[in-house]
Amino acid sequence: MIKYAIFDMDGTLIDTEPLYEKAWVDIGEKWGLDGMAEKYPLIVGRSIESICSMMKEWFGEDFDASGFFAERMQCFVGLIEKEIPLKDGCIELLEFLKRQGIPMAIATSTPMYITSNNMQKTGIGKYMDAVVTAEAVKNGKPEPDIFLEAARRIGADPLYTVVCEDSINGIRGAHRAAMKPIMVVDRLSPTEETDRLCFATCKDLLEVKELIKKENK
């Protein structure tokens, strides 16, 4: 039985991941950094603090990771000014869960000022009973903190909660929170690890909808 749903935002509900990657690579080239395209999958789903720590490991302790990240986010904001596309089946799934009376929350590593803008532009904010960003918890993904906080805010029992994620770090965090991770395939392909940790793997959000309908019969 599935009684609650928690969602990652970027790459799961909205199709912003290609824009995040473009901003990451473009600013990396501007800064003269090598291998940024290859490094991108390693940061997907992580908090700003975690990414900055990784960049210092890659480029040295004196590297201005905060400055790079701020410029990268500024570039990203410029890219999303015109349009933020929703993932296939997003509204259909959210409407279905709303009709079923299933409380929903967003748990995202994206800063709140961008999250709020994205929810407003796409209209998905009206479906959510809570929104939690990495700024609200001590440890970001892949730790379980953000999912447990989202569950707390909507009164969810983790055992009856699905978490829709597209990143390995998000799936790890949801599993550590004793929830039911669903990998919604985006830019990263399923692995042996995700197969082991996930409750299910779905090609899109319409498939998630059908899965929940089947589980709740």
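One structure accompanies this document, and this report is about it.

Reading guide: rules and limits
Residues numbered from 1 in each chain as written. Predicted model: local features only at pLDDT ≥ 70, side-chain atom pairs only at ≥ 80, totals over all residues. Heavy atoms only, no water. Pairing = 2+ DSSP bridges. Helix = DSSP H or I, 4+ residues; strand = E, 2+ residues; numbered from the N terminus. Axes fitted to C-alpha atoms, helices over the stretch in contact; angles between N-to-C directions. Contact = heavy atoms within 4.5 Å. Core = buried A, V, L, I, M, F, W, Y, C linked by side-chain atoms within 4.5 Å. Buried < 20%, exposed > 50% of the residue type's maximum accessible area, 1.4 Å probe, protein only. Phe/Tyr/Trp six-rings, centres within 6.5 Å; stacked < 30°, edge-to-face > 60°. Lys NZ or Arg CZ within 6 Å of the ring centre and 35° of its normal.

1. A look at the sheet that holds strand β4 (residues 161–165)
Phase 1: The sheet built from six strands is open, its strands ordered β3-β2-β1-β4-β5-β6 with parallel pairing. In the strand order of this sheet, the two ends are held by β3 (130–133) and β6 (200–202), each with one partner. Taking the axes of each pair of neighbouring strands and ignoring which way they run, one obtains an average angle of 20° across the sheet.
Phase 2: Where strand β1 (residues 4–7) meets strand β2 (residues 104–108), three bridges bridge the pair, whose relative direction is parallel. Bridge pairing in β2 links A5 to M104.
Phase 3: Taken strand by strand, helix α5 (residues 90–99) contacts β1 and β2, and its axis lies near 150° from that of β1.
Phase 4: The strands that helix α10 (residues 205–215) touches are β4, β5 (180–184) and β6; relative to β6, the one it contacts most, it runs at about 140°.

2. Concerning the nonpolar core
Phase 1: If you look at the biggest cluster of nonpolar residues, it comprises 51 residues, and the most contacted ones within it are F7 and L13.
Phase 2: Other than its neighbours up to four places away in sequence, F7 contacts L13, L93, L94, L97, M104, A105, I106, A107, M128 and C164.
Phase 3: Among the nonpolar cores identified, the runner-up in size contains 17 residues, and I6, V137, I146 and V163 belong to it.

3. Structural notes on the packing of aromatic side chains
Phase 1: Within the structure shown, the criterion is met by eight aromatic pairs.
Phase 2: Each ring, one from Y20 and one from F76, has its centre 3.7 Å from the other, and the planes form 10°; the classification is stacked. With Y20 in helix α1 (residues 17–30) and F76 in helix α4 (residues 65–79), this pair connects stretches of sequence that are 56 residues apart. Across the pair, exposure class does not vary: Y20 and F76 are buried alike.
Phase 3: Over the ring of Y160 we find K3, and its NZ or CZ is 4.5 Å from the ring centre.
Phase 4: K39 extends its terminal NZ or CZ atom over the ring of W58, reaching a point 5.5 Å from the ring centre.

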